[in-house]
Amino acid sequence: MANKDYIFDITKLRLEGDFNSQVHQILEFIRLTRAEVENLQLLFDHLHDALQSVWPGCQVHAFGSIVTGLGIKSSDVDCFIRLPVWLQNPGDTYVAQAKAALMQYPRIFTELFAIKGAKVPIVKFYHVPTQRHCDISFKSPTGVENSKLLAYLLNLDNRVLPLAILIKYWAKVHKLTGTNLMPNYALTLLIIFYLQHKAILPPISLLQRNVEHIVDNWNVAFEDVMHVSGNNESLYELLGGFFKYYRDFKYDVFLVCPFLGLPIKRDLFAKGGNVPSEFELYKTNLKRRNCLPLRTNSLICIQDPFDHSRNCSVAMYPRLVNKIMSCISQSAEIYENKKSEIFLWEILSMAIEESPAVSKKRRVRNGVAKFKPNHNIKKAAQTFHKAFMRYKEKERGKNKRNLNNFSHNVTKH
C-alpha cells in the first residue's frame, strides 16, 4: 500500500524563486496528476460492477475533493450510491449488503469496514488497483450537489482554485483538518465566503434566484450567472488577506453565511423568527418540522449554503478552535512582517503558539465565547462549559414549567 502522506513533510519542498514560482512548485508536489485522476474511473467501474449484483440499475456518483478540483495525492474518494427509486430509504442493511458484495472481490477491495451506527452509515475500503481509500454511502445525495456547487465556484476565477489548495495544504500540514478535526468542507466554505467578501465570487442566493430543485427539503439548484469582479489583487495578497480577515472576524457576533455572502448576526437565528427575508425556505422547513433550528451556540458558526439549518462547524471543540485561531493569527502576522519570497515557507514551518503567557480578556455574548488568538485554553473551556450549563439550567426550567402547566390542565379537566 502506497503511503502518500509524504507530501506533508515540508522538508521535501524546495521552494525557489518568487512567490508565484513557489506556488507552482507546491501544486506540482501535492496535486493529483491527470493520469491519477483519470485512473479513478477504474475504481468507479469496479464499484459499479460489484454492486450491480445486489442492486441492478444502481449508479455511482463521486463527490468531495476529487470532484471539486481540490484533490491532492493523499485524498480519499467519496461516493454516493444511488439506488433504484422503488427501494425504501436506505438504512444499515444496505451498508452490510454492500460490504458483503465487495468482499467477493478480495483482489480488488480490501480493508473493508462497515460503519452502521453513524449519522450517515458508510462502507470504507481500499481499492488495490488505484491504491486509493474510498467511502461509500447511501443516505443522501446532498454531498454530490454540494460538490457541484463548489466545483463551479472554484473555477469562476483563475485565482480561486490555487488559493483554496494552498489553504487546504496549510491546514493539513498543521493538522487542523481531518477526522475529528475541522471538516475540509467547512474550511472550503470559509474560503468561498472570504472571496465573496472580496467580490470575487457571487453569493449563492444570486445563483438560485431563478432556479429550484428540491433535494431533502432544500433547494440545491444553481445557475451560471454573469459575475464580473473588479478585484485585481494578486494570489499573494489574497492568501495574506484570508488570514487577516479571519483573524479579525467577530465570531461571537456573526455567523459565516455563504448563501448571502455576508456576515449575519447570530441573534437573528438564535431568536428564530427574525431571520432575514431571503431565508423563506428555512422558515417554511421549520414550520413544517422538516428541520431543526440552526445551532448557533458553537464557537464558530459556518452555515451550509444549501441546508440553512446546518452549522458545518458545530462539532469543533474549544481546543481545536484555539489552535485554528492561533494558526490564522500567526500567519496573518507573518504576512504583515515578511517578504513574499519567504511567506509560504514561514506559514508552513511555523511553530504553533497555542497558550501564550498573557491572554487577552474575552467577552461572552449569548453563551458564546469570543475567541481571540491569544487566549488561555483552560479558561476558554471553563467559560464554554459554564455557558453550556446555564443553557441546560434554562431549558430544565422551561421543561418544569411546561410539566406544571400540563398537570394543571389535566387536573382542571
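Residues numbered from 1 in each chain as written. Predicted model: local features only at pLDDT ≥ 70, side-chain atom pairs only at ≥ 80, totals over all residues. Heavy atoms only, no water.

What follows covers the side chain of Ser298. Structurally, the position occupied by Ser298 is in the loop between α11 (280-287) and α12 (318-337). For Ser298, a relative accessible area of 5% puts it in the buried group. From its side chain, Ser298 meets the backbone oxygen of Ile300 in a polar contact 2.7 Å long. A distance of 2.7 Å separates polar atoms of two side chains, one belonging to Ser298 and the other to Asn311. (Helix = DSSP H or I, 4+ residues; strand = E, 2+ residues; numbered from the N terminus. Buried < 20%, exposed > 50% of the residue type's maximum accessible area, 1.4 Å probe, protein only. Polar contact = N/O pair within 3.5 Å; in protein donor to acceptor, adjacent residues only side chain to side chain.)

Before going further, it helps to examine the pairing of strand β2 (residues 77-82). As a general feature of sheets, a regular strand has side chains that alternate between the two faces. By the bridge criterion, five bridges tie strand β1 (residues 59-63) to β2 in an arrangement that is antiparallel. Opposite Ala62, over in β2, you have Cys79 as the bridge partner. Where β2 lies against strand β5 (residues 132-137), four bridges are found, and the strand directions are parallel. The partner of Phe80 across the bridge, within β5, is Ser137. (Pairing = 2+ DSSP bridges.)

Another aspect to go through is the packing of helix α1 (residues 19-30) against helix α6 (residues 160-173). Orientation of α1 relative to α6, taken along the N-to-C sense of each, is 70°, at an axis distance of 11 Å. Put simply, α1 runs roughly perpendicular to α6. Here the hand of the crossing between α1 and α6 comes out left-handed. From α1, Val23, Ile26, Leu27, Phe29 and Ile30 reach across to α6, where they touch Pro162, Ile165, Leu166 and Tyr169. A breakdown of the residues in the contact of α1 with α6 according to their chemical character gives nine nonpolar, no polar and no charged. (Axes fitted to C-alpha atoms, helices over the stretch in contact; angles between N-to-C directions. Parallel < 35°, antiparallel > 145°, perpendicular 65-115°, else oblique. Left-handed = near helix turned anticlockwise from the far one by under 90°. Contact = heavy atoms within 4.5 Å. Nonpolar A, V, L, I, M, F, W, Y, C, P; charged D, E, K, R; others polar.)

Within the structure shown, the criterion is met by nine salt bridges. In this structure, Lys73 and Glu36 form a salt bridge, with 3.5 Å as the shortest nitrogen-oxygen distance. Separated by 37 residues along the polypeptide, Lys73 in the loop between α3 (65-68) and β2 and Glu36 in helix α2 (residues 34-52) bring together distant segments of the chain. When the shortest N-O distance is used, the salt bridge between Lys198 and Glu233 registers 3.0 Å. Here Lys198, found in the loop between α7 (184-197) and α8 (204-207), pairs with Glu233, found in the loop between β7 (218-219) and α9 (235-248); they are 35 residues apart in sequence, far enough to count as distant. If you follow the salt bridges from partner to partner, you end up with Arg247, Asp248 and Glu336 in one network. (Salt bridge = Lys/Arg side-chain N within 4 Å of Asp/Glu carboxyl O.)

Counting residues in hydrophobic clusters, the biggest one holds 90 residues, and the most contacted among them are Trp170, Leu239 and Tyr246. Sorting the residues of this core by element identifies α1, α5 (142-154), α6, α7, α8, α9, α12 and α13 (340-349) as the ones contributing at least two each. With 11 residues, the top contributor of residues to this core is α6. Setting aside its immediate chain neighbours within four residues, Trp170 contacts Leu176, Phe243, Cys327, Ile328, Ser331, Ile347, Leu348 and Met350. Listed in part, the 27 residues of the second largest apolar core include Ile66, Leu83, Ala98 and Ala114. (Core = buried A, V, L, I, M, F, W, Y, C linked by side-chain atoms within 4.5 Å.)

Moving on: the environment of Val37. Checked against the element boundaries, Val37 lands in helix α2. Residue classification places Val37 among the partly exposed residues on the basis of a relative accessible area of 39%. When the C-alpha atoms of Val37 and Lys73 are compared, they prove to be 9.9 Å apart, with 36 residues separating the residues in sequence.

Take Asn146: it is sitting in helix α5. For Asn146, a relative accessible area of 9% translates into the label buried. Once residues within four sequence positions are removed from consideration, Asn146 is found in contact with Tyr185, Asp304, Phe306 and Arg310.

Here the protein averages 87 in pLDDT, while 83% of its residues score no lower than 70. The model gives residues 355-378 a pLDDT under 50, and that stretch makes 57 contacts with residues more than four places away or in other chains. (pLDDT = per-residue confidence, 0-100.)

Attention now moves to the sheet that holds β2. As summarised here, the arrangement of the five strands in space is β1-β2-β5-β4-β3, forming an open sheet in which the pairing is mixed. The open sheet terminates on both sides in strands that have one partner only, identified here as β1 and β3 (109-115). For this sheet, the mean angle separating the axes of adjacent strands, direction not counted, is 25°. Sheet analysis places strand β4 (residues 122-127) next to β5, joined by six bridges and oriented antiparallel. From the neighbouring strand, Phe125 faces β5, where its bridge partner is Cys134. Packing of α2 onto the sheet brings it into contact with β1, β2, β3, β4 and β5, and relative to β2 it is tilted by some 35°.

Here we come to α9. Given 3.6 residues to a turn, an α-helix orients residues that are three or four positions apart in the same direction. When the terminal C-alpha atoms of α9 are compared, their 20 Å separation across 14 residues agrees well with the 20 Å that a helix rising 1.5 Å per residue should span. Most of α9 is tucked away: 10 of the 14 residues are buried. Against the buried residues of α9 lie α1, α6, α7, α12 and α13. (Expected span 1.5 Å × (residues − 1).)

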